[in-house]
Amino acid sequence: MSLSGANHFKRAWPRILSFAAFFAELPGGMPAHLPPVPKPLPEGMRRGQRSRFYLFHYPSPHSAKHGGYVTDEGHATDETTRMLERAVNSSHNSVNLTFDQHFDYIADIYDGPHPFKVGKVDFTFDKHFYNYKKLNPQQMADWRAGKVDILKNVIVDEIVERGRVGADVLVTGVQAQ
């Protein structure tokens with residue numbers, strides 16, 4: 001059974017959608033990738049009582065074919081996340097999971113497929129979006145508050161809807177601090 005974002009992230013989904021619209025209107029913003037809804041695990045596997053979040057800051061997937069973090073089948077769409085998918089799968093020999101089965105919530109700090117280069121310089125989140133005369137102080141505050149609000153509501157959904165008691169969070173990427 002496949003769930004929609006609105007069914008899976010009951011509290012967070014309206015905020016995810018409104019933030020996506022906000023992000024697209026920002027200077028340096030663009031249409032956002034939405035977090036994938038995790039597919040059910042194979043028969044006999046259980047997620048346990050802890051949520052698993054993958055929060056990353058790499059260049060977002062540029063796949064025109066898939067337009068987001070995962071394919072229709074749930075596999076990762078870019079080399080960095082495909083490498084992570086393979087690494088997690090290599091840790092257990094019994095079954096291969098799709099990327100969206102590994103995590104309960106996947107998100108990037110920059111929500112769309114930014115360029116790899118701006119002119120001759122590598123794209124950086126701070127220099128080319130967040131803190132380089134692109135966003136005014138109110139936009140920066142609204143962006144930051146929107147990101148926190150989404151994460152807060154995803155956590156509430158995990159606790160209330162799925163009975164989770166904690167979270168394991170993997171944060172990776174360029175400039176991840």
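Residues numbered from 1 in each chain as written. Predicted model: local features only at pLDDT ≥ 70, side-chain atom pairs only at ≥ 80, totals over all residues. Heavy atoms only, no water.

### Things to note about the nonpolar core
As a reminder of what qualifies: The definition of a nonpolar core used throughout is a set of buried Ala, Val, Leu, Ile, Met, Phe, Trp, Tyr and Cys residues joined through side-chain atoms within 4.5 Å. Exposed residues in this analysis have more than 50% of their type's maximum accessible area, buried residues have under 20%, and partly exposed residues fall in between, with area computed by a 1.4 Å probe over protein chains only. In this text, helices come from DSSP runs of H or I with a minimum length of four residues, and strands from runs of E with a minimum of two, each type numbered from the N-terminal end. Residue contacts follow a heavy-atom distance rule, with two residues in contact if any of their heavy atoms lie within 4.5 Å.
Judged by nonpolar contacts, the single largest core of 22 residues is most densely connected at Phe9, Phe23, Tyr105, Phe129, Tyr130, Trp143 and Val154. Looking at this core, the elements that each hand over two or more residues are α2 (12-25), β1 (50-57), β2 (105-108), α5 (125-130) and α6 (137-162). Top contributing element to this core by residue count: α2, with 5 residues. Beyond its immediate chain neighbours, meaning those up to four positions away, Val154 contacts Phe9, Ala12, Phe53 and Tyr105. Grouped together as the second largest cluster of nonpolar side chains are 9 residues, Tyr54, Phe56, Ala76 and Ile106 included.

### Let's talk about the packing of aromatic side chains
Rules: Stacked, tilted and edge-to-face are the three classes applied to pairs of Phe, Tyr and Trp rings, where Trp contributes its six-membered ring and a pair requires centres within 6.5 Å; stacked means planes under 30 degrees apart, edge-to-face means over 60, and tilted covers the rest.
Within the structure shown, the criterion is met by 9 aromatic pairs. Look at Phe19 and Phe22: their rings are 5.8 Å apart centre to centre, the planes differ by 50°, and that puts the pair in the tilted class. Residue Phe19 and its partner Phe22 are both found in helix α2; the two are separated by 3 residues, about one turn of the helix. A relative accessible area of 6% places Phe19 in the buried class. For Phe22, a relative accessible area of 26% corresponds to the partly exposed category. An aromatic cluster is defined as three or more aromatic residues linked by ring pairs; in this entry it consists of Tyr54, Phe56, Tyr69, Phe99 and Phe103.

### A look at the environment of Ile150
Within the secondary structure layout, Ile150 lies in helix α6. Overall, the relative accessible area of 7% leaves Ile150 in the buried class. In this structure the C-alpha to C-alpha distance between Ile150 and Leu17, which are 133 residues apart in sequence, comes to 9.8 Å. Discounting residues that sit within four places of it in the chain, Ile150 has contacts with Ala12, Arg15, Ile16, Phe19 and Tyr105.

### A closer look at the confidence of the model for the protein
Threshold: Note: pLDDT gives the predictor's confidence per residue, expressed from 0 to 100.
When pLDDT is averaged along the protein, the result is 83, and 87% of the positions lie at 70 or above. Within the protein, α5 has the poorest average pLDDT of any element, 73, and α6 the best, 93.

### Observations concerning a nonpolar patch on the surface
Keep this limit in mind: Patches draw on residues past 30% relative accessible area with no salt bridge. Two like charges within 9 Å are joined, as are two nonpolar side chains (Val, Leu, Ile, Met, Phe, Trp, Tyr) within 5 Å. For every accessible area listed, the method is Shrake-Rupley and the probe measures 1.4 Å; residues are considered covered only by the protein chains on display. Any carboxyl oxygen of Asp or Glu that lies within 4 Å of a side-chain nitrogen of Lys or Arg is treated as forming a salt bridge with it.
Taken together, the side chains of Ile155, Ile159 and Val160 present a nonpolar region at the surface, about 250 Å² in accessible area. As for its position among the elements, Val160 is in helix α6.

### Quick look at α2
What counts here: What a helix is expected to span follows from its residue count: subtract one and scale by 1.5 Å. Here the arc refers to the set of directions running from the helix axis out to each C-beta atom.
For α2, with 14 residues, the first-to-last C-alpha span of 20 Å sits near the 20 Å given by 1.5 Å per residue. Buried residues of α2: Ala12, Trp13, Ile16, Phe19, Ala20 and Phe23, and no others. Looking straight down α2, one finds that the buried residues subtend no more than 120° of arc, so they occupy a single side. Along its buried surface, α2 packs onto α1 (5-8), α5 and α6.

### Some thoughts on the pairing of β2
Successive residues of a regular strand alternate their side chains across the two faces of the sheet. Heads up, the condition is: Strands pair, by our definition, only if DSSP identifies at least two bridges between them.
Burial of the side chains of β2 extends over both faces: Tyr105 and Ala107 are buried on one face and Ile106 and Asp108 on the other. Where β1 lies against β2, 4 bridges are found, and the strand directions are parallel. Bridge pairing in β2 links Tyr54 to Ile106.

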